[in-house]
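Results of the structural survey
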Amino acid sequence: MFKTVTLWLHKWLGIITGVVVTILSLTGCIYTFQDELKLVAYPEKYFISDTTGHPTIPLPLSTLIHYAQKSLPKDEKITRIDLYPTKNRTWVFRAVKTDENAFGHWNYYKYYKRVFVNPYSGQVQHVENSKTEFFQLTLQLHLNLLLGKRFGHPIVSWSTAIFIIILLSGIVLWWPKKWKSKNLKRSFWLDTKVKWKRLNHDLHNVIGFYSLFIGLIFAITGLAFAFPGFKKSYIATFNVLHSTTASSGRISPVPLPTAENQFQDNALRYALTNYPTAEMMSIRLKKDTQTGMDIQVRHDEKRSGGFDWLYFDRRGNNLYEIKSSEQLHYGDKLGALNYDIHTGSIGNISTKIIACLASLCCASLPITGYIIWMNKSKKKKKKRYQHNVNKYC
């Protein structure tokens, strides 16, 4: 009885969410390597072709913002900067405005531009319309099926939650009744000599088993993006396990250098000087009326979980707080690593390969599942037809 109910639940939840799960898995597979693929696909955007004769120090941030802003229409304001201290890389200036209630990807983004600037000469190398850029479309398909946040996000969120139920019910159905050699062989590996219907059924079972653990990791970390309350809950739960009190990050104010006239220029100069090995820094621009400035220093360009946040005060012209990922509680640290775990960038290239292959496996499960369902439906129709023939003939 239990397995009958589990099978019914597994089947219909899979039928309802199968298309969404396949889309999420395939887009996740592609996006796993987006950091590497972008550099290969768009070298003219991300790299400075000729670095000879360039000064060793980049131009002031305010000057670069001015050059980047001039390349955009007046109503498209730059709100974020991603900079790379490596000498052969451009800095990326983002201008984004969204409509949270709009339907469809092209209505959701009022505008989304990336301006690639040579930080040593101020030359604008490329202005990208990110609304139509391949990897951004892949990301938005993964996040909201290109339906906009209001309409697509709930579908993706609940499909992810249901996928967890499907995976757990799947392991119940996979579990062999008897742990004998013949049963175990079919549960753990494939026999390619059987007929294609049997092979498809075994593919569904075997791939489902081997992708279960990583599939659950994908789904649970996905829930953290989908439901902020869920993320807060598990962060609070794991923080309880931390025995010591985390450092507040407050420090004695450190005066900024006064080499430049603008506060933001001196703040960035301090970050670049004191974090020479950082691979990336990110700045969210604030309104002129706000007194602070924040810079995220990322030690590894491809990992968002290892960072230092630097907090600067405009009025005091100083650095007053540093928050490091190494000083976080267990829960906060796990929350910071959520993106890296979800995308496979938690380790090195090997974890990304594993994540990519596991995503392909997850994408195959609804497909093989649909085929099993259609084959059984045809078989039932054939039996019903034969029954009617025997009854009336």
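Residues numbered from 1 in each chain as written. Predicted model: local features only at pLDDT ≥ 70, side-chain atom pairs only at ≥ 80, totals over all residues. Heavy atoms only, no water.

**Thoughts on the sheet that holds strand S7 (residues 292-298)**
Across the sheet, which stays open at both edges, the nine strands sit in the order S4-S3-S2-S1-S6-S7-S8-S9-S5 with antiparallel pairing between neighbours. Two strands close off the open sheet at either side, each with one partner strand: strand S4 (124-129) and strand S5 (250-255). In this sheet, neighbouring strand axes are inclined to one another by 20° on average, regardless of whether the strands run parallel or antiparallel. The strands that helix H12 (residues 263-274) touches are strand S1 (80-83), strand S2 (91-98), S5, strand S6 (280-284), S7, strand S8 (307-313) and strand S9 (318-324); relative to S7, the one it contacts most, it runs at about 25°. (Pairing = 2+ DSSP bridges. Helix = DSSP H or I, 4+ residues; strand = E, 2+ residues; numbered from the N terminus. Axes fitted to C-alpha atoms, helices over the stretch in contact; angles between N-to-C directions. Contact = heavy atoms within 4.5 Å.)

**A closer look at the environment of Lys 177**
For Lys 177, the position within the fold is in the loop between helix H7 (149-174) and helix H8 (181-188). Residues Lys 177 and Asp 50, spaced 127 residues apart in sequence, show a C-alpha to C-alpha distance of 66 Å.

**Comments concerning helix H10 (residues 212-226)**
For an α-helix the count is 3.6 residues per turn, leaving residues at separations of three or four pointing the same way. A rise of 1.5 Å per residue sets the reference length of H10, with its 15 residues, at 21 Å; its end C-alpha atoms lie 20 Å apart and thus fit the reference within 8%. Three or more residues of H10 are buried, namely Leu 212, Gly 215, Leu 216, Phe 218, Ala 219, Thr 221, Gly 222, Leu 223, Ala 224 and Ala 226. (Expected span 1.5 Å × (residues − 1). Buried < 20%, exposed > 50% of the residue type's maximum accessible area, 1.4 Å probe, protein only.)

**What about a positive patch on the surface?**
Together, Lys 11, Lys 195, Lys 197, Lys 376, Lys 378 and Lys 379 line one region of the surface with positive charge. If one sorts the elements of the positive patch by residue count, helix H15 (residues 349-392) sits on top with three residues. Inspection of the secondary structure assignment puts Lys 378 in helix H15. Looking at Lys 378, the relative accessible area reads 58%, which means it is exposed. (Patch = residues over 30% accessible without salt bridge, like charges linked within 9 Å, V, L, I, M, F, W, Y side chains within 5 Å. Areas by Shrake-Rupley, 256 points an atom, 1.4 Å probe, with all protein chains shown as cover. Salt bridge = Lys/Arg side-chain N within 4 Å of Asp/Glu carboxyl O. Lys, Arg positive; Asp, Glu negative; His and termini not counted. Charge placed at Lys NZ, Arg CZ, Asp CG, Glu CD.)

**Overview of the packing of helix H1 (residues 2-31) against helix H6 (residues 134-144)**
The geometry of H1 relative to H6 is characterised by a closest axis approach of 9 Å and an angle of 145° between their N-to-C directions. For H1 against H6, the interelement crossing comes out left-handed. Taking contact as the criterion, the partners of Ile 23, Leu 24, Thr 27, Gly 28, Ile 30 and Tyr 31 in H1 are, on H6, Phe 134, Phe 135, Thr 138, Leu 139, Leu 141 and His 142. Within the contact of H1 with H6, the residues separate by chemical class into eight nonpolar, four polar and no charged. (Left-handed = near helix turned anticlockwise from the far one by under 90°. Nonpolar A, V, L, I, M, F, W, Y, C, P; charged D, E, K, R; others polar.)

**Re helix H11 (residues 228-240)**
With 13 residues, H11 extends 19 Å between its outermost C-alpha atoms, agreeing within 8% with the 18 Å of an ideal straight helix rising 1.5 Å per residue. When H11 is considered as a whole, its buried residues turn out to be Tyr 234, Ile 235 and Asn 239. Summarising the axial view, the buried residues of H11 lie within an arc of 140°, below the 170-degree limit, and thus occupy one face. Counted as exposed and oriented over 90 degrees from the buried face of H11: Thr 237 and Val 240. Looking at the packing, one finds that the buried side of H11 touches H10, helix H13 (330-336) and helix H14 (338-343). (Arc of directions from axis to C-beta.)

**Considering the packing of aromatic side chains**
Ring pairs (aromatic) are described by centroid distance and by the angle formed between their planes. Under the defined criterion, the tally for this structure stands at 16 aromatic pairs. For the ring pair Trp 12 and Trp 373, a centre distance of 6.3 Å and an interplane angle of 70° mean the geometry is edge-to-face. Taken together, the residues span a long stretch of sequence, with Trp 12 in helix H1 and Trp 373 in helix H15 at a distance of 361 residues. By relative accessible area, which is 31% here, Trp 373 ends up partly exposed. The interplanar angle of 80° and the centroid separation of 6.1 Å between the aromatic rings of Tyr 270 and Phe 312 together place this pair among those described as edge-to-face. Here Phe 312 lies in strand S8 and Tyr 270 lies in helix H12, a separation of 42 residues in the sequence. (Phe/Tyr/Trp six-rings, centres within 6.5 Å; stacked < 30°, edge-to-face > 60°.)

**Observations regarding the pairing of S2**
Of the pairings in the sheet, the one linking S1 to S2 comprises three bridges and is antiparallel in character. Of the residues in S2, the one forming a bridge with Arg 80 is Arg 94. By the bridge criterion, eight bridges tie S2 to strand S3 (residues 109-117) in an arrangement that is antiparallel. If you follow Arg 94 over to S3, its bridge partner there is Arg 114.

**As for a nonpolar patch on the surface**
A surface patch of nonpolar side chains, amounting to about 700 Å² of accessible area, comprises Trp 8, Leu 9, Trp 12, Ile 16, Ile 165, Trp 373 and Met 374. Mapped onto the nonpolar patch, the elements with two or more residues apiece are H1 and H15. Residue contributions to the nonpolar patch peak at four residues, all from H1. Looking at the secondary structure, you find Trp 8 in helix H1. Assessed through its relative accessible area of 54%, Trp 8 is described here as exposed.

The analysis is restricted to geometry; functional conclusions fall outside its scope.
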